[in-house]
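Analysis of the macromolecular model
The lines below spell out each chain.
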Amino acid sequence: MEGRMMKESRTIQTKLVLPPDTNHMNSIFGGKVLAYIDEIAGITAMKHSRRQVVVTASIDSVDFLSSAHVGDVLELEANVTSTGRTSMEVYVRVKSQNLQTGEEKLTTESFLTMVAMGDDGKPTPVPSVIPESEGEKLFFNTAPARREHRKMRVKTPRTN
């Protein structure tokens, strides 16, 4: 299976923050942002794997860095940054823009692990990812450390 360039999976979505999406402070609910992140990560993984079905295996990290408010526009951007045999690490960046002032700020960053599913409902192999730019290479080269961190998290004892 041939690898695919990282830029081939790049996905961008734009969302308007509306009143039903917000709390009593007129800032967007974190859960709404997470839903947007999960959706774009899924689309990005589908583009890379060329599979119609991918599942979210984990949301590895979510950093809420600033808030977005009613009337702001959110721009979500995602890329597959690394792959395993059947899994894909997806990085999602969310920026907000106040349309009245033009101010832009980084709102949220997240890494997710998505798994491609075959027609039999079981995980299926995915192509490797090939980074080109310096930024892409940085994400790609730091992926093994994030993978190890995920493995350690899975080994953490759970209580009933």
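Residues numbered from 1 in each chain as written. Predicted model: local features only at pLDDT ≥ 70, side-chain atom pairs only at ≥ 80, totals over all residues. Heavy atoms only, no water.

Regarding the sheet that holds strand S3 (residues 54-64)
Read from one edge of the open sheet, 5 strands run S2-S4-S5-S6-S3, paired in antiparallel fashion. Edge positions in the sheet fall to strand S2 (11-16) and S3, since each of these pairs with one other strand and no more. Taking the axes of each pair of neighbouring strands and ignoring which way they run, one obtains an average angle of 25 degrees across the sheet. Note: strand S5 (residues 87-97) against strand S6 (residues 104-116), 11 bridges, orientation antiparallel. Looking at the pairing, Tyr-91 lines up with Phe-111 of S6. Strands S2, S3, strand S4 (73-83), S5 and S6 of the sheet are contacted by helix H1 (residues 30-49), whose axis makes an angle of about 45 degrees with S4. Along the sheet, helix H2 (residues 134-154) contacts S3, S4, S5 and S6; its crossing angle with S4, the most-contacted strand, is approximately 85 degrees. (Pairing = 2+ DSSP bridges. Helix = DSSP H or I, 4+ residues; strand = E, 2+ residues; numbered from the N terminus. Axes fitted to C-alpha atoms, helices over the stretch in contact; angles between N-to-C directions. Contact = heavy atoms within 4.5 Å.)

Let's talk about the packing of aromatic side chains
For the structure on display, the rule yields 3 aromatic pairs. Here the aromatic rings of Tyr-91 and Phe-111 are separated by 5.2 Å at their centres, their planes lie at 45 degrees, and the arrangement is tilted. Of this pair, Tyr-91 sits in strand S5 while Phe-111 sits in strand S6; the two residues are 20 residues apart in sequence, bridging distant segments of the chain. Ring plane angle 35 degrees and centroid distance 4.4 Å describe the contact between Tyr-91 and Phe-139, whose orientation is recorded as tilted. With a gap of 48 residues between them, Tyr-91 in strand S5 and Phe-139 in helix H2 connect regions that are remote in the sequence. We classify Phe-139 as partly exposed; its relative accessible area is 26%. (Phe/Tyr/Trp six-rings, centres within 6.5 Å; stacked < 30°, edge-to-face > 60°. Buried < 20%, exposed > 50% of the residue type's maximum accessible area, 1.4 Å probe, protein only.)

With respect to the side chain of Ser-49
Looking at the secondary structure, you find Ser-49 in helix H1. On the accessibility criterion, Ser-49 (8% relative accessible area) is buried. Side-chain polar atoms of Ser-49 contact the backbone oxygen of Ala-45, separated by 2.8 Å. (Polar contact = N/O pair within 3.5 Å; in protein donor to acceptor, adjacent residues only side chain to side chain.)

Quick notes on the layout of surface pockets
Looking at the largest pocket, its volume works out to about 170 Å³. Lining the largest pocket we find 14 residues, and of these Ser-87, Thr-113, Arg-147, Arg-150 and Lys-151 sit closest to its centre. Breaking the lining of the largest pocket down by element, the ones donating at least two residues are S3, S4, S5 and H2. Element by element, the count of residues in the lining of the largest pocket is highest for H2, at 5 residues. (1 Å grid on protein atoms, 1.4 Å probe; cavity = no way out; pocket = protein on both sides within 12 Å on 5 of 7 lines; lining within 4 Å. Points joined across faces, edges and corners; volume = space filled by probe spheres on them.)

Focus: the side chain of Arg-4
Structurally, Arg-4 is set in strand S1 (residues 4-5). Ignoring sequence-local partners within four residues, the contact set of Arg-4 consists of His-48, Ser-49, Arg-50, Pro-127, Ser-128, Val-129 and Ile-130.

Some thoughts on the environment of Leu-138
Residue placement: Leu-138 occurs in helix H2. The class for Leu-138 is exposed, based on a relative accessible area of 55%. Residues Leu-138 and Thr-81, 57 residues apart in the sequence, show an inter-C-alpha distance of 9.3 Å.

Quick look at the UniProt feature "domain: HotDog ACOT-type" (unreviewed entry) in the protein
As recorded in UniProt, the sites labelled "domain: HotDog ACOT-type" (unreviewed entry) are residues 7-120. Helix makes up 18% of residues 7-120 and strand makes up 46%, while its end C-alpha atoms are separated by 29 Å. (UniProt positions renumbered as here; feature names shortened; annotations may be inferred.)

Focus on the pattern of salt bridges
Going through the model one piece at a time under the given rule, you end up with 13 salt bridges. For Lys-15, the salt bridge goes to Glu-39, with nearest N and O atoms at 3.3 Å. Pair noted here: Lys-15 is in strand S2 and Glu-39 is in helix H1, with a separation of 24 residues, a long-range link. Since its relative accessible area comes to 37%, Glu-39 is described here as partly exposed. Among the salt bridges present, the one from Glu-148 reaches Lys-151, with a minimum N-O distance of 3.7 Å. You can see Glu-148 and its partner Lys-151 sitting in helix H2, 3 residues apart, about one turn around the helix. One connected set of salt bridges, linked through shared partners, spans Asp-60, Glu-89, Arg-146 and Arg-150. (Salt bridge = Lys/Arg side-chain N within 4 Å of Asp/Glu carboxyl O.)

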